[in-house]
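Residues per chain are reported as follows:
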2 protein chains.
Amino acid sequence: MCKSLFDHIEKFTTLNPTEIDKLESVLNLSRIKKKEHVLKEGQICNTIYFVVKGCMRQYIINSRGTEQTLQFAIENWWITDYLSYHNHVPSSFYLQAVENTEVIAIEKNALEALLIEIPSLERYFRIVSEKTFGAMQMRIKYLFTMSAEERYHHFNDHFPEFVQRVPQYMIASYLDFSAEFMSKIRAGKI
Amino acid sequence: MCKSLFDHIEKFTTLNPTEIDKLESVLNLSRIKKKEHVLKEGQICNTIYFVVKGCMRQYIINSRGTEQTLQFAIENWWITDYLSYHNHVPSSFYLQAVENTEVIAIEKNALEALLIEIPSLERYFRIVSEKTFGAMQMRIKYLFTMSAEERYHHFNDHFPEFVQRVPQYMIASYLDFSAEFMSKIRAGKI
């Protein structure tokens, strides 16, 4: 189950056998049931999660009292609340499994100690974080520049499987339009 | 001029004198004139910038042909296009000085080589990147959950000096509302 994580790390850096053993000793394999939370608003986030199989999401409850998805994480993505993790402040977010999901969880204390020991791991997390930040910059660009219809088609073109897999209301909120608009556009009425 | 960078690094990690010398050898001090660009859409981004004094911004030109600011960087912030930097693809963004600005620029090739040599620097950039990503998650939350009026007051409460310093139309686009709305709210008409 850890193979996918080690394969992902190999894309960016190399760990020697001793480092692999040390990393393995802090990995916690976990199955999260569909709709189960690993973090709720107000809790301190002390864990990061790597999705092995399935899908997690980060969401908020907006001023109308409805859930709004800010981020999805499918296979080979990390998900956490970095602000809560680093600043030790209560989280503003919920982290939840969208499907039955297998994750590798790493606790902050164990990870931060290991990162000091293994520079290649610092490198891996630095590059992954910078690339994820770059993807987030593009996401804000799309939110600002594309119409709702364009955002839907762009998302559907890039992640066709994903659109089949995840409940429509979650994708609608991720793309910042209503579930009604989503139904119409999927029915070809827009 | 490099003192502010070394002070910032000290907040997260420690460099020994040899490492400080090596880092200094790749730093390029530069003065960017107000409105001057260091990156334009379509160019490959091979540099990261640390703001010593002044203000930089990242913006796009939206579908109405107007500039929309996605990010500001004031003193002690890094700014770059990480997607272009890591994937070697043309940038979707402009990076421009909002005021006459002093930056420390580091070229990608020199930095990436140095990061392999100096694990503490990997650590520094990893933590800074994760914290910036966390701040971006909050930014998306605010865009999704606050009204335009709430976003203005929140920004004004947290960065009162900044609101005085930066042209209003840039802040308006950053907060995703019109310059007209900005004028009205500042005049107390909303």
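Keep in mind it's a predicted model, so treat the numbers as computed, not measured. (Residues numbered from 1 in each chain as written. Chains lettered and ligands numbered in written order. Predicted model: local features only at pLDDT ≥ 70, side-chain atom pairs only at ≥ 80, totals over all residues. Heavy atoms only, no water.)

Some thoughts on the interface of chain A and chain B
For interface size, the figure often reported is the accessible area lost on association. With 45 residues of chain A at the interface, the matching set in chain B holds 45 residues. Carbon and sulfur atoms supply 64% of the area buried between chain A and chain B, which totals about 4100 Å² over both sides. A per-residue breakdown of the area chain A buries against chain B is headed by A:F133, A:Q137 and A:F144, which together make up 18% of the total. On the surface where chain A and chain B come into contact, there are 8 salt bridges. (Contact = heavy atoms within 4.5 Å. Buried area = accessible area lost by both parts, 1.4 Å probe. Salt bridge = Lys/Arg side-chain N within 4 Å of Asp/Glu carboxyl O.)

Re the relation of the copies chain A and chain B
For the pair chain A and chain B, the relating rotation is 180 degrees, the translation along its axis is 0.0 Å, and the fit reaches an RMSD of 0.0 Å. Expressed as a symmetry operation, the mapping of one chain copy onto the other fits a two-fold axis. Every residue of chain A has its C-alpha some distance from the rotation axis, and the shortest such distance is that of A:R126, at 2.0 Å. Of the residues that chain A buries at the interface, 100% are likewise interface residues in chain B, meaning the two copies contact each other through the same surface. (Least-squares fit on C-alpha atoms with pLDDT ≥ 70 in both.)

Digging into the pattern of salt bridges
Applying the stated rule across the entire model yields 22 salt bridges over all chains. For A:E122, the salt bridge identified is with B:R126, shortest N-O distance 2.9 Å. Highlighted residues: A:E122 in helix α5 (residues 119-145) and B:R126 in helix α5 (residues 119-145), drawn from two different chains. Across the pair, exposure class does not vary: A:E122 and B:R126 are buried alike. Residue B:E112 is joined to A:R123 by a salt bridge in which the shortest nitrogen-to-oxygen separation is 3.4 Å. In this pair, B:E112 sits in helix α4 (residues 108-117) while A:R123 sits in helix α5, so the two residues belong to two different chains. In this structure B:E112 comes out as buried when scored by relative accessible area, which is 13%. What makes A:R123 buried here is its relative accessible area of 14%. Several salt bridges share partner residues, and in doing so they unite A:E112, A:E122, B:R123, B:R126 and B:E130 into one network. (Helix = DSSP H or I, 4+ residues; strand = E, 2+ residues; numbered from the N terminus. Buried < 20%, exposed > 50% of the residue type's maximum accessible area, 1.4 Å probe, protein only.)

Limitation: the analysis is restricted to geometry and does not speak to function.
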